[in-house]
Every structure is written in structure tokens, then in C-alpha cells.
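Take a look at the letters that make up each chain.
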Amino acid sequence: MIKITLPDGSIREVEKGTTSQQVALSISEGLARNVLAAKVNGEVWDSNRAIETDAKLQLLTWNDDEGKSTFWHSSAHLMAEALESLYPGVKFWVGPPLENGFYYDVDLEENTLTPADFEKIETKMLELARQNNAYVRKPISKSDAIKYFKDKNDFYKLDLLERLDDGNITLYTQGEFTDLCRGPHIQATGVIKAAKILNIAGAYWKGDIKNKMLTRIYGITFPKDKELKEYLVALEEAKKRDHRKLGKELELFTFSEKVGMGLPLWLPKGTMLRERLERFMRDAQAKAGYLPVITPHIALKELYICSGHYEKYGADAFQPINTPTEGEQFFLKPMNCPHHCEIYKSSPRSYKDLPIRYAEFGTVYRYEQHGELHGLTRVRGFTQDDAHLFCRPDQVKEEFCKVIDLVLHVFNALDFKDYTAQISLRDPENKAKYIGSDENWALAEQAIIESAKEKGLKTVVELGEAAFYGPKLDFMVKDAIGRKWQLGTIQVDYNLPERFELEYTGSDNQKHRPVMIHRAPFGSLERFVAVLIEHCAGSFPLWLTPEQYAILPISEKFNDYAKKVMDELNSLGLRGSIDDRNEKIGKKIRDNEMNKIPFMLVVGEKEAAENKVAVRERGKGDIGALGIAEFAKKVEEVIQNDFKQKELN
RNA sequence: GCCGAAGUAGCUCAGCUGGUAGAGCUCCUGAUUUGUAAUCAGGCGGUCGGGGGUUCGAGUCCCUUCUUCGGCUCCA
């Protein structure tokens, strides 16, 4: 007999060799039906795998992330089976589960696949699922495995096998399909009741641009048809929040082929929104002791040779601008830091001057690959809310922590709760990609890790994500359809001060090297606005929104009164407009609601007589009549209250 | 840059197997003077992304190029 400890702490004595499935059955039939996999001593197993020793057991169902993953991983195998049956001879690379669904990378050989074929694959998958074939796990020796895949002429699986240790290799078979796989899997295909192929895309084999491009097929499956339908509806809803769609509808920004791809044009409403964000940041920075600077958009090549940017990106940047007679070469600035270094150098510095914090909304230009451009989140010209802090080594941690506070202040004010703080370090395998000594990198990394810890941030570490001159603390958020973007970033840099030979005189009257902190809480205004649009689905908070109110006269007779109301509100510091179109009130309400105007002020005979406005709140409807000053006060209160609540959180 | 898909009026989209472009909204004009999510009528508006080809004839077929979309690679 062995002892099985369940998550609630209860212990069950069962025969040696009992499966998790059997344990589930002993608890309840319903549970047994819903078990997809099991966590045995912290490792996810097939639920029909025999447990031979005392173990901690957690049964995994659709409600557990790991249960879902197992379900989707098995679904990837099912899709592969369908593909193999429909397109004999296709070769498979890897097919992992994702946060939502799964994909399989396949080499289609001579076959082609278009979205028109999706339904065929889905139908086949469900047909195979209905056969309720078991996923059969089979440990196999490395030599047998090699023989098996050699016979199958499966180059990709042989490549995978090369890196696996003998004794640790398993095959899984369901129906006609056998795959090299460590598992785990669900018991049988029958629980997969709904399947959808989502899209196809190219993906380099092993992610290397030099390799063949495989076809990556994305899909998702569910144990209930209803869940698939709900998922697809949610997907549609998410698409409605897409900043590219809302940006067009709300007239925030546009692009022009004539101007050039990846170069956003900010429309008046988008500009008003952006300017409010800038103002918010300027105020916060002024309070935190930052000093404003302004630098030009181009600089001599020599500046970037000094910083190291030229060597690193020169060939992959916009090419130089040449002067007609002197033969000078200028580059569009890809970063503000070299300029700021030169400002630091413009005067001798004392240890008493530090830290010095230079802030600039600096517009930079980077050559991004054609296929990379994406709405406002990935562009070729953008403005960073950039600042560079020059400090003494003993000030680094304090300054870094203060910057974290600033970033969190911004996120808090805008209600971003779903972010991760990512510590981006060097790729230890490829140090040649970076400049600077190991010693400096160690110092910088240590400063970041300690500061993040001191601030109690929940962090993840990513190797190979550092900037070429130093490690970063990046704040990552997700967009409407789940893609991750970097917003705020803070970087500790011991290297550029060396390259620029920055100095200050210490209390010992000796020259010392300052440490630089690069930081941008928004990251880029473009990307930040994009994520903000998606975050609030275009319904911006009252303090930011380009238009806080729209006055809707019942008929043309009340346009004059509307004008009077607007003048009064504007003089009280509000912003809005009059919808004086020759339309009925219902139409005006509908249009302004769709434009996501926070307050609609209906004015007719009654309001004009009483010097009031009938207030209608976005999403809520009529909330009654208020005096004009009274309404302004209400707006002010909402804004104040918004901020107050944020401060409390 | 690579793989795949798509580009028709300002916007959203229709246009069968090639026969010479259409709707709704927007905009303009007129009527209406409106009370809480679409008033009615009329009108303007497209060299069907650009270029080339096949054909008696191309939005429709082929090639090429640009842009956009989904990924991959990249991201100071």
C-alpha cells in the first residue's frame, strides 16, 4: 500500500500502482470524468499512469491551467493526426500548448494550406476525437526511437532525438498517429468536443532566420461546444478594442502611405490626449526633481560611434544624411542618451550636483523591419518620455527605487493593474552582443535586482533581453488580444559614462565616474496611448479625454443657449463641443455615445429657461438636470475622486 | 527581411464561372424644429492600391510592386 496526499491534506491509502484516475473515481464519478491530468509530487503526469510510491497528488481538470495545457497539448496531437490523414507525408516539428490553445509547426512539403481548408481540418479533428482513441504512452530506447523515425523518414523528430537522453524518451500514440513526446496527455480524444483552427503563419525552423520556414498552425479546442462559441465571441469583443480600429473611429491618429509606413500622424483629438499625458508626466517629473532639456533630431555620426550605437545598429538604421559641401554625416537620433551625455559634459560637475536628472520628450527614429510595424505599438518614429539620471554610485539604488515609484504612480493613475516587471539580463551565451566589462554588468544587474526586491515587485527574469549597454527593468503589459508589449523601462548603465568619459569631482577632490539611469515610464507615447486605448476600450478617464462633454441642443432654436453654456464651461476649465447638426435628439445621443463622450448635455426650452443642462452620462443615461457651474463642479469632483481612489490603492 | 492572406467611395462592405461598378453610414442641398441610442427626400463621391501582361473585353485571370493584416526573425 502507498499513501496519497491530496491538496486538502487528507491521506488515502491505495494499492501500489494505482492511477490518479482511480483515485479520482474513489472520490467521485463526476471528478473522474473531468480529470485531464494529475500533478504527482509536483510533476504533471498522465492520469492513467501508475503511482508506485507515496505521493502528493493534485487532480487537474479544465479549471486548472495545467489541466488546460494538457488538454491543448493533446489537441495539438489530434490536429497533427488530422493533418497527417488529410495531407499524407507532412512532417511535424513541435506542437506546444499556449495560453489560449496550441500550435503545431509543420513542414507541408508539397501541400498548401489556406484558411479555406480550416473547416476540413476541424471536421477531421472532431471525427477522430469521436473515435475516443486513447493516448498511449510508450517509453522507448533511443536506438529504437531513432530506428522508428528513420523508417518514417522523419528528419525533424530525428533532430529532436539527438538532444534527448536515452532512458528518458517516450512516444505517444493516439489512433493512427504517433509522436515523439514527453507528455503528459489526456486519457483519450473523446473529451475534445469543439475544435477551431485559428490561423496559419510562417515560422522559421528553430526560430533561426537561416532555416527553412515551416507552417505554424494555430488552433484551439474545448470540452464543450458552448465554450468555443463563447471564446469566439470574446475574441470578437477584444477586436473591438483594437487601438488601430478605435484610433480610426475616434479620430485619434492616422497613417499615410505618402508620409511613409510606420510614421504616425496624430490627429487633433489624439494630440489633445497625448498632450494631457505629457503634462501629467511633466508635473510628476518636476516634483521629482527632473530638469527639462531639448535636443535636436539629428547628430553627427561621431556621436554614435562614441556611444557604440553606430557599431551596433549603424547598418540597420536609417542611413546617414549628408551635408552637400562639407561631407558631414548625420544620423537621425535613435536614442536621446548620447545627446544628454553631452549636456552633462557641458560643464564640470561636483559630487554635490548629483544626481542630475535630464528629462525630454524626445522623438527618435528607428528603422524597423517592414513586417514588424504594427499600429502605434511598433513604429519608425516615436516619442519617448525619456530621462537620464546621472548619479554617484552610492545613489544608484535610491534613485532607481524612486524611478520605480514614478512608474508605479503612472500605472496606478491610469489603472493598469495587469503588468509584469521583467528583469532583462544579458544572454550569458552571447556576451559579444553587449558592450562593457563583466564587472560593470554585475554592478548594474545587482542594482536592478536589489531595487526591484526592495520595492516588492513581482518580477520575472528574462535572459538575453537586456539593452546592449546595460540590463533593464521592463514593465510589460498585454494588449486587447493578449500580445505583450513593453511600456515603462528603467536601465542602469555603467558603460555609456565610460564611453563618454563623464566625470564629477568627489569630496576627495578626485575625478569620479557617474552612473547613468535611463528611464521612460510611458516608454513611448505612441505605444502607451495604444495600450491605453485598448485598456479602456476608447472610453478615456475624464481627466484625459479630448472632449469631456458634448452639448446637444434639442433644436436649432437653442443653439445660442448652447453656445452660452459652452463658453461658461470652457471658462471653468472644461473642454467640449456643441453638436448643432440638424438632427433629432435621439440621433445626436447615439452618435455621441458611440464617440464615447463622457457627458452629453441636452439643452432645450426647459433648460434654457432655468439656466441648466440635462446631463446624460456615458453608459448610464439620463442623470437629471444640473446648473452649469454645478455640472462643472461634478466633473471636477469625478476627476478628484478618481485620483483619490488611486492614491488609496 | 521571411512565410501566408488581403487591398473596391472618407468609413463598413457587396460584386456568381471575365461583359465595362453597387449598398448603408459620412459629407453636401432641401424639407422638418425635433425631449434622451438612427426624420424624410435628393445629390456629391471610385482611373476597383500602383505598374505591366493575357483577352474583342479585366474589379474579376497572370506577373510585378506598394501598403495592410496574422505570425517568424528583430527591437537601442
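In what follows, the structure referred to is the one given above.
Remember, it's a predicted structure, so these values are computed and weren't measured experimentally.

Draft legend 1. Local environment of the layout of surface pockets. The volume enclosed by the largest pocket comes to roughly 1,700 Å³. Lining the largest pocket are 50 residues, with Tyr313, Arg366, Glu368, Arg378 and Lys472 sitting closest to its centre. Put simply, the parts of the chain that give the lining of the largest pocket at least two residues each are α11 (309-313), β21 (329-332), β23 (381-391), β24 (419-425), β26 (472-478), β27 (484-493) and β30 (515-520). No other element matches the five residues that β27 contributes to the lining of the largest pocket.

Draft legend 2. Region of the structure containing the sheet that holds strand β12 (residues 170-174). Strand order in the open sheet formed by three strands is β11-β12-β13, and the pairing between neighbours is antiparallel. Either end of the sheet is taken by a strand with one partner, and the two such strands are β11 (136-139) and β13 (177-180). Averaged over all pairs of adjacent strands, the angle between strand axes in this sheet comes to 25°, irrespective of strand direction. Strands in contact with helix α3 (residues 65-86) are β12 and β13; relative to β13, the strand with the most contacts, it is inclined by about 125°.

Draft legend 3. Here's a closer look at the protein's contact with RNA strand B. Around RNA strand B sit 54 residues in total, of which Tyr204, Met335, Glu372, Asn582 and Arg590 are the nearest. Taking arginine 244, its side chain carries an N or O atom lying 2.8 Å from a phosphate oxygen of RNA strand B. Mapped onto the surface near RNA strand B, the elements with two or more residues apiece are β14 (194-204), β15 (213-222), α8 (243-249), α11, α18 (585-594), α19 (605-610) and β34 (612-617). For the surface near RNA strand B, the per-class residue count stands at 20 nonpolar, 13 polar and 21 charged.

Draft legend 4. Quick look at the pairing of β13. Of the two faces of β13, the one carrying Phe177 and Asp179 and the one carrying Thr178 and Leu180 are both buried. Inspection of the sheet shows β12 paired to β13 by four bridges, in the antiparallel sense. Along β13, the bridge assignment pairs tyrosine 172 with aspartate 179. From the end of β12 to the start of β13, which pair antiparallel, there are two residues, and glycine 175 there has a positive phi angle of about 55°.

Draft legend 5. Seen up close, the side chain of serine 524. Residue position: serine 524 is located in the loop between β30 and α16 (525-535). Its relative accessible area of 11% is what places serine 524 among the buried residues.

Draft legend 6. Spatial organisation of α18. Buried residues of α18: Lys588, Ile589, Asp591 and Asn592, and no others. In this fold, the buried residues of α18 make contact with β31 (549-553), β33 (599-603) and β34. One or two positions beyond α18, positive phi appears at lysine 596, with a value near 60°.

Draft legend 7. The arrangement of the packing of aromatic side chains in detail. For the structure on display, the rule yields 32 aromatic pairs. Each ring, one from phenylalanine 92 and one from phenylalanine 177, has its centre 5.4 Å from the other, and the planes form 80°; the classification is edge-to-face. Of this pair, phenylalanine 92 sits in strand β8 (residues 91-92) while phenylalanine 177 sits in strand β13; the two residues are 85 residues apart in sequence, bridging distant segments of the chain. One exposure class covers both phenylalanine 92 and phenylalanine 177, and it is buried. With a centroid separation of 5.8 Å and 75° between ring planes, the pair formed by phenylalanine 411 and phenylalanine 416 is classed as edge-to-face. A connected cluster of aromatic rings, assembled from ring pairs, spans Phe411, Phe416, Tyr419, Phe475, Phe522 and Phe528.

Draft legend 8. Focus on unusual backbone geometry. Between glycine 183 and the following residue, proline 184, the backbone shows a cis peptide bond with an omega angle of -5°. With respect to the helices and strands, proline 184 occurs in the loop between β13 and β14. Note the cis peptide between leucine 354 and proline 355, where omega equals 0°. A positive phi angle is found at glutamate 251, which is not glycine, with a value near 55°.

Draft legend 9. View of the pattern of salt bridges. All told, the structure shown has 43 salt bridges when counted by the stated rule. With its nearest N and O atoms 3.8 Å apart, the salt bridge here joins glutamate 236 to lysine 239. Here glutamate 236 pairs with lysine 239, and both are found in helix α7 (residues 225-240), just three residues apart, close to one helical turn. Glutamate 236 gets classed as partly exposed once you look at its relative accessible area, which sits at 45%. The network of salt bridges with common partners includes Arg274, Glu278, Arg282 and Glu526.

Draft legend 10. Representation of the pairing of strand β7 (residues 55-60). Where strand β1 (residues 2-5) meets β7, two bridges bridge the pair, whose relative direction is parallel. Bridge pairing in β7 places threonine 5 opposite lysine 56.

Draft legend 11. Seen up close, helix α14 (residues 438-454). With 17 residues, α14 extends 24 Å between its outermost C-alpha atoms, agreeing within 8% with the 24 Å of an ideal straight helix rising 1.5 Å per residue. All of the buried residues in α14 are Asn440, Trp441, Ala444, Glu445, Ala447, Ile448, Ser451 and Ala452. Across the axial projection of α14, the buried residues extend over an arc of 155°, all falling on one side. Exposed residues on α14 whose side chains face more than 90 degrees from its buried face are Glu439, Lys453 and Glu454. Summarising the contacts, the buried residues of α14 are in contact with α13 (396-413), β24, β25 (459-463), β26, β27 and α15 (495-499). A positive backbone phi angle near 70° is found at glycine 456, which sits one or two residues after α14.

What counts, and at which threshold
- Residues numbered from 1 in each chain as written.
- Chains lettered and ligands numbered in written order.
- Predicted model: local features only at pLDDT ≥ 70, side-chain atom pairs only at ≥ 80, totals over all residues.
- Heavy atoms only, no water.
- 1 Å grid on protein atoms, 1.4 Å probe; cavity = no way out; pocket = protein on both sides within 12 Å on 5 of 7 lines; lining within 4 Å.
- Points joined across faces, edges and corners; volume = space filled by probe spheres on them.
- Helix = DSSP H or I, 4+ residues; strand = E, 2+ residues; numbered from the N terminus.
- Pairing = 2+ DSSP bridges.
- Axes fitted to C-alpha atoms, helices over the stretch in contact; angles between N-to-C directions.
- Contact = heavy atoms within 4.5 Å.
- Near = heavy atom within 4 Å.
- Polar contact = N/O pair within 3.5 Å; in protein donor to acceptor, adjacent residues only side chain to side chain.
- Nonpolar A, V, L, I, M, F, W, Y, C, P; charged D, E, K, R; others polar.
- Buried < 20%, exposed > 50% of the residue type's maximum accessible area, 1.4 Å probe, protein only.
- Phe/Tyr/Trp six-rings, centres within 6.5 Å; stacked < 30°, edge-to-face > 60°.
- Salt bridge = Lys/Arg side-chain N within 4 Å of Asp/Glu carboxyl O.
- Expected span 1.5 Å × (residues − 1).
- Arc of directions from axis to C-beta.

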